[in-house]
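Single-letter residue listing:
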Amino acid sequence: MKIAQYQASQAETVIELFANVFSDSEGADEGQVIARLVDDLITTTDSKDLIGFVATENEFVIGCIFFSRLVTANNANAFILSPVAINTENQGQGIGQKLILEGLSYLKATGVERVFSYGDPNYYNKVGFKQINDSIITAPFTLTYPEGWIAQTLNELEISKQDSVISCVDALNKQKYW
Ligand SMILES: CC(C)(COP(=O)(O)OP(=O)(O)OC[C@H]1O[C@@H](n2cnc3c(N)ncnc32)[C@H](O)[C@@H]1OP(=O)(O)O)[C@@H](O)C(=O)NCCC(=O)NCCS
């Protein structure tokens, strides 16, 4: 398996990956919602505010993750990891964790201080995320699933109230995603 940064030429392939993976796991409607989200992220986000990583096996795309910029109260260098998809047949082989860890290590090396996500803490705690309290470290929208509000620091400073998230990129700026 190879992991490399997402390239614009892969747009169609990764949108299809997200559509298929989420259709399989959560139904066709959710597949379309996430495919649309990824399309929006790719087409509307400034390149300095979006970074993706793609896992391939024999040139075939088997996983993809995106990180997009967040604005926090203390103006930390912060990103959110969302969404993540591993090809249905390749799940449970450690690919998701490898892809996320590689992405985090790249972000750390480029000076990113905070990474948030919104998902199942039982999975994301395997790659360093911890639950945070959205009444202290706020999210940009009301959370439907507050247990899923998670974050990790990439420097030595602990995450605090000052890291509250004020805004996200346009593609994620919709209550339905939160
Ligand atoms: C969730 C997902 C990204 C995990 O990637 P993966 O490569 O399959 O997972 P890994 O092989 O790295 O990790 C497997 C471990 O995570 C656990 N795990 C996998 N998916 C999980 C989930 N949704 N919730 C909790 N734990 C999960 C497995 O039980 C396994 O645990 P173990 O190591 O203790 O046995 C992938 O299965 C996927 O794309 N699922 C469908 C889409 C989705 O739910 N995306 C995440 C929300 S954006």
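Before reading on, note that the structure itself is shown above.
Since we're looking at a predicted model, the values are computed, not measured.

A.B. asks: Help me understand the site of the ligand in this model?
C.D. replies: The full set close to the ligand counts 17 residues, and I86, G92, G94, G96 and Q97 are the nearest of them. Contact distances for the ligand include 2.8 Å between an oxygen atom and a backbone N or O atom of G92. In this structure, D120 approaches the ligand through a side-chain N or O atom, which is 3.0 Å from a nitrogen atom. A total of 870 Å² of accessible area belongs to the ligand in isolation, and the protein chains cover 64% of it. Of the pockets mapped on this structure, the ligand occupies the largest pocket. Among the elements of the structure, α1 (11-26), β4 (78-86), α3 (95-109) and α4 (121-124) are those that each provide at least two residues to the shell around the ligand.

A.B. asks: Got a minute to help me understand the side chain of D163 in this structure?
C.D. replies: With respect to the helices, strands and loops of the structure, D163 is situated in the loop between β7 (149-153) and β8 (165-168). Among the polar contacts listed, one links the side chain of D163 to the side chain of N74, at a separation of 3.0 Å. Sequence-distant contacts of D163, that is, excluding residues within four places in its chain, are made with T72, N74, A76, R114, F116, I137 and E158.

Conventions and cut-offs
- Residues numbered from 1 in each chain as written.
- Predicted model: local features only at pLDDT ≥ 70, side-chain atom pairs only at ≥ 80, totals over all residues.
- Heavy atoms only, no water.
- Near = heavy atom within 4 Å.
- Polar contact = N/O pair within 3.5 Å; in protein donor to acceptor, adjacent residues only side chain to side chain.
- Areas by Shrake-Rupley, 256 points an atom, 1.4 Å probe, with all protein chains shown as cover.
- 1 Å grid on protein atoms, 1.4 Å probe; cavity = no way out; pocket = protein on both sides within 12 Å on 5 of 7 lines; lining within 4 Å.
- Sits in = over half its atoms within 2 Å of the grid points.
- Helix = DSSP H or I, 4+ residues; strand = E, 2+ residues; numbered from the N terminus.
- Contact = heavy atoms within 4.5 Å.

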